[in-house]
Amino acid sequence: MAKNKTPHKSQHSDQAKKTYQTIVVGGGLAGLAAAFALATNGLKVAHLAPTPPPDSRTSALMTPSVKIMQDLGLINDPGKIGVPLEKIRIIDATNRLIRAPEALFHSSEVGEIAFGWNFANSKLSKQFAPLLKGQKNLDHIAESAIQMTRSGENWDLQLSDNTFISAPLIVGADGKSSFVRQSVDISIKQTMHKQSALVCDLTLSRPLEGESVEYHYPNGPFTLVPAGGNKANLVWVDNGDILEDVKKLPSAEIVKILQEQSQNLFGNLTLDTGVFVFPLSSHHAQNMGCNGVVLVGESGHAFPPIGAQGLNLSLRDVKDLVTCIRQNPPESQKSAANWANKVANAYDNCRAGDIRRTSTMVDTLFKSLLSEILPAQALRTGGIWALKSIPPLRKHAFRLGMGSA
Ligand SMILES: Cc1cc2nc3c(=O)[nH]c(=O)nc-3n(C[C@H](O)[C@H](O)[C@H](O)COP(=O)(O)OP(=O)(O)OC[C@H]3O[C@@H](n4cnc5c(N)ncnc54)[C@H](O)[C@@H]3O)c2cc1C
């Protein structure tokens with residue numbers, strides 16, 4: 001991968017090269033949402049999206065994020081492809097000296113019919129992708145970006161088929177190891193966790209009835225998320241080597257372990273899919289925009305799936321990017337490069353606070369869940385007691401978790 005610290009004249013100016021106002025790099029959910037939102041806001045967009053591998057993850061998207069998708073025109077009725085999350089039950093499954101009480105929280109307490117909806121990522125992609133095809137000012141290109149160089153007003157991108165495209169504004173939505181982020185030398189602060197997350201789909205003997213059930217074990221939470229009827233999506237955070245060993249077991253053995261972990265509360269379980277293990281890491285970029293380049297989604301921030309924040313934060317990235325473009329339309333600046341720089345700087349300012357707050361919240365939550373230190377356990381237990389017994393605090397905490405505080 002070529003880096004480009006100093007903008008220099010492109011070596012391939014004589015080659016045919018299509019120019020856009022913006023190029024969105026990445027066909028994950030953040031990239032799909034960004035490409036669609038920018039095209040519907042009038043920009044001429046290239047969406048660089050090689051076909052991604054199947055995504056076995058599910059995403060709990062909070063009510064404010066669902067509203068963002070509705071406002072952007074990405075979905076109408078969330079109930080058509082998602083399942084409402086009406087209640088959250090927390091069960092302390094540790095043998096610690098200081099244990100938290102079991103707690104059940106209802107979305108009605110924050111005046112909502114649901115905290116959010118649980119969506120299969122594959123269903124969201126299937127919902128978003130056809131919408132992009134209908135946009136006249138959006139070209140979908142199923143190639144990867146392999147080189148990024150500065151050429152006058154624009155960034156030139158060399159693609160995996162050795163063609164070139166260019167634009168003044170580049171949106172890096174290309175995931176954790178972002179090529180775009182590395183090409184412009186935006187550094188990240190990263191922590192690799194020893195935990196991974198195991199995900200699979202299950203059928204339970206009785207329905208979760210809109211309740212997300214979180215068992216807090218010493219190495220991380222084991223969460224059953226309602227997926228409609230007797231179906232559930234499991235997100236189990238534990239030490240990576242333990243989960244890799246579980247993954248290798250025959251299905252019957254895996255089911256036995258999952259049944260024990262769920263304390264047999266949901267009777268016999270059936271495994272509906274394979275099990276997938278995701279190594280966990282956290283990072284946030286030193287800035288989210290500069291020099292005509294912006295980062296959205298996991299190219300700019302990633303966390304363990306605790307408190308379901310990753311894609312929620314990415315949708316807020318897209319919403320703020322649209323706001324910055326509306327406030328700084330291309331015709332408001334003398335040159336395309338000035339416009340792209342202005343958007344990138346405005347976006348960086350706009351996103352800094354939310355990303356810092358969310359990263360700190362997830363980090364604190366993750367540490368408090370795993371901590372073997374007595375004062376930390378006492379604090380966490382006290383926190384859950386306080387949430388259980390002080391309604392205004394509970395409301396505030398849930399608003400914060402939903403991204404609307
Ligand atoms: C187990 C688990 C559970 C989760 N649960 C939740 C949840 O409940 N709620 C929530 O909000 N979030 C959740 N998340 C987080 C959420 O899934 C991610 O934040 C989100 O899917 C990331 O989307 P993305 O588009 O930023 O990245 P990705 O999905 O990684 O997409 C990046 C895309 O960029 C493409 N790409 C890479 N390099 C290039 C290149 N050079 N050129 C072109 N394309 C390129 C890749 O092919 C890929 O398609 C969870 C994550 C995990 C691991």
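Residues numbered from 1 in each chain as written. Predicted model: local features only at pLDDT ≥ 70, side-chain atom pairs only at ≥ 80, totals over all residues. Heavy atoms only, no water.

**Quick notes on the sheet that holds strand β12 (residues 164-167)**
For the record, the criterion: Two strands pair under a simple rule: DSSP has to find at least two bridges between them. Counting from the N terminus, the helices are DSSP H or I runs at least four residues long and the strands are E runs at least two residues long. Angles shown run from 0 to 180 degrees and are taken between the N-to-C directions of axes, each axis being a line fitted to C-alpha atoms and, for helices, limited to the stretch in contact.
Ordered by their spatial adjacency, 4 strands build an open sheet running β1-β12-β11-β10, and the pairing between neighbours is mixed. In this open sheet, the two edge strands, each paired with only one partner strand, are β1 (17-19) and β10 (145-151). Averaged over neighbouring strand pairs, the angle between their axes works out to 25 degrees when direction is ignored. Across 3 bridges, the pairing between β1 and β12 is parallel. Its bridge partner lying in β12, Lys17 is registered against Phe164.

**Comments concerning empty space enclosed by the protein**
Heads up, the rule is: Any residue with an atom within 4 Å of a point lines the site, the site being either a cavity, points on a 1 Å grid over the protein atoms alone where a 1.4 Å probe fits but cannot get out, or a pocket, an open set with protein on both sides within 12 Å along at least 5 of 7 lines. Grid points are joined across faces, edges and corners, and a volume is the space filled by probe spheres set on the points. Residue type decides the class: Asp, Glu, Lys and Arg count as charged, Ala, Val, Leu, Ile, Met, Phe, Trp, Tyr, Cys and Pro as nonpolar, and the leftover types, Gly among them, as polar.
Under the definition given, this model contains 1 cavity of 30 Å³ or more. Its boundaries defined by the atoms lining it, the largest cavity holds a volume of some 30 Å³. Around the largest cavity, the lining residues are Ser56, Thr58, Val199, Cys200, Asp201, Asn233, Leu234 and Val235. Mapped by element, the contributors of at least two residues to the lining of the largest cavity are β14 (188-203) and β17 (231-239). Of the residues belonging to the lining of the largest cavity, the class tally is 4 nonpolar, 3 polar and 1 charged.

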